[in-house]
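# Structural features, examined
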Amino acid sequence: MTTSIKSDSAAKRDVTKLQRAIVDGLEDVKAQDIQVFNTEALSPLFERVIVASGTSNRQTKALASSVREAVKKAGFPVPRQEGEENGEWIIVDCGSAVAHIMQPAIRQYYRLEEIWGETPVRMKLGAVKPKAASTRKHVVKADAEAAEPAAKKPAAKKAAAKPAATKTATKPAAKKTAAKPATAAKPAAKAAAPKAVKTVVVNRPAKSAAKTAAKPAAKRASRAKA
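Residues numbered from 1 in each chain as written. Predicted model: local features only at pLDDT ≥ 70, side-chain atom pairs only at ≥ 80, totals over all residues. Heavy atoms only, no water.

### Side note on the environment of Val29
Our working rule: Segments assigned H or I by DSSP are reported as helices when at least four residues long, segments assigned E as strands when at least two residues long, and all are numbered from the N terminus. In what follows, residue pairs with any heavy atoms lying within 4.5 Å of each other are defined as contacts.
Position of Val29 among the secondary structure elements: in the loop between α1 (2-28) and β1 (32-38). Note: C-alpha distance between Val29 and Gln59 (30 residues apart in sequence) is 7.6 Å. When residues no more than four places from it in sequence are discounted, the contact partners of Val29 are Gln59, Ala62, Leu63 and Ser66.

Here it is as structure tokens:
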């Protein structure tokens, strides 16, 4: 009795693990309207029927391939599949669970939920996987590292503002140094002008002195002739 109880519990755990792997494979390719049904009382061939929709032939084929890979990674035998040629309705036979991947029009026509949906199984869709949780930690860490430079931005702005202040401080100095030669040039020009005037003034007495010196000489010459 104890052996049979243990085997039953192990079989249930395997079924639960298998249906989780199938649903994960469907969610990886964004399947629509995923539903899981318990068929233990309806068929001795399988214990779960899973129905999902794909919007195109390409998506239904991708969903079937994703389910096969997920089941294989979970440690179960590689499933068989049918209907991949047209992609309208693909059946992935995973042993104790069967996945029906259908396009919306085909699903609405055959209504598998009415056939197998006597006992629906509640599952958490979109559950966080261990790998996704680890990647989430890396994302949070990356966000924290990205936030550190943002906190240092005010200091960088202050450091960048200092050269600007030195530039503004050097501008008046440059103006003052540029203004000094102009102010020095003005007195030089004024000094040059008086020198020219002095030379003219100096030359005039020289001429008058020559004239005054010539007058006595003429008077003496006239006296001598007399």
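### Some thoughts on the pattern of salt bridges
The criterion, for reference: We define a salt bridge as a side-chain nitrogen of Lys or Arg found within 4 Å of a carboxyl oxygen belonging to Asp or Glu. Summary of the burial criterion: residues with accessible area below 20% of their type's maximum are buried, those above 50% are exposed, and those between are partly exposed, where the area comes from a 1.4 Å probe applied to protein chains only.
Summed over the entire model, instances satisfying the criterion amount to 7 salt bridges. Residue Arg80 is joined to Asp93 by a salt bridge in which the shortest nitrogen-to-oxygen separation is 2.9 Å. One end of the pair, Arg80, is in strand β3 (residues 80-82); the other, Asp93, is in strand β4 (residues 89-93), and 13 residues separate them in sequence. Judged by its relative accessible area of 61%, Arg80 is exposed. One connected set of salt bridges, linked through shared partners, spans Arg20, Asp24 and Glu27.

### A closer look at the side chain of Ser66
Mapped onto the elements of the fold, Ser66 is located in helix α2 (residues 57-73). Relative accessible area serves as the criterion here: at 13%, Ser66 is assigned to the buried category.

### Considerations on the sheet that holds β3
Pairing between the strands of a sheet comes from backbone hydrogen bonds, and it takes one of two forms, parallel or antiparallel. Note the following rule: One bridge is not enough; two strands pair if DSSP finds at least two bridges between them. Fitted lines through C-alpha atoms give the axes, limited to the stretch in contact for helices. The angle between two N-to-C directions lies from 0 to 180 degrees.
Sheet architecture is open: 6 strands sit in the order β3-β4-β5-β2-β1-β6, paired in mixed fashion. Of all the strands in the sheet, just β3 and β6 (120-121) have a single pairing partner and so form its edges. Bridging between β4 and strand β5 (residues 97-102) involves 5 bridges; their strand directions are antiparallel. From the neighbouring strand, Trp89 faces β5, where its bridge partner is Met102. Sitting on the sheet, α2 is in contact with β2 (48-53), β3, β4 and β5, with an inclination near 5° to β4.

### Quick word on the pairing of β2
Burial runs high along β2: 6 of the 6 residues are buried. Of the two faces of β2, both are covered, the one formed by Arg48, Ile50 and Ala52 as well as the one formed by Val49, Val51 and Ser53. Sheet analysis places β2 next to β5, joined by 6 bridges and oriented parallel. For Ala52, the partnering residue across the bridge sits in β5 and is Ile101.

The values are spatial; any link to function lies outside them.
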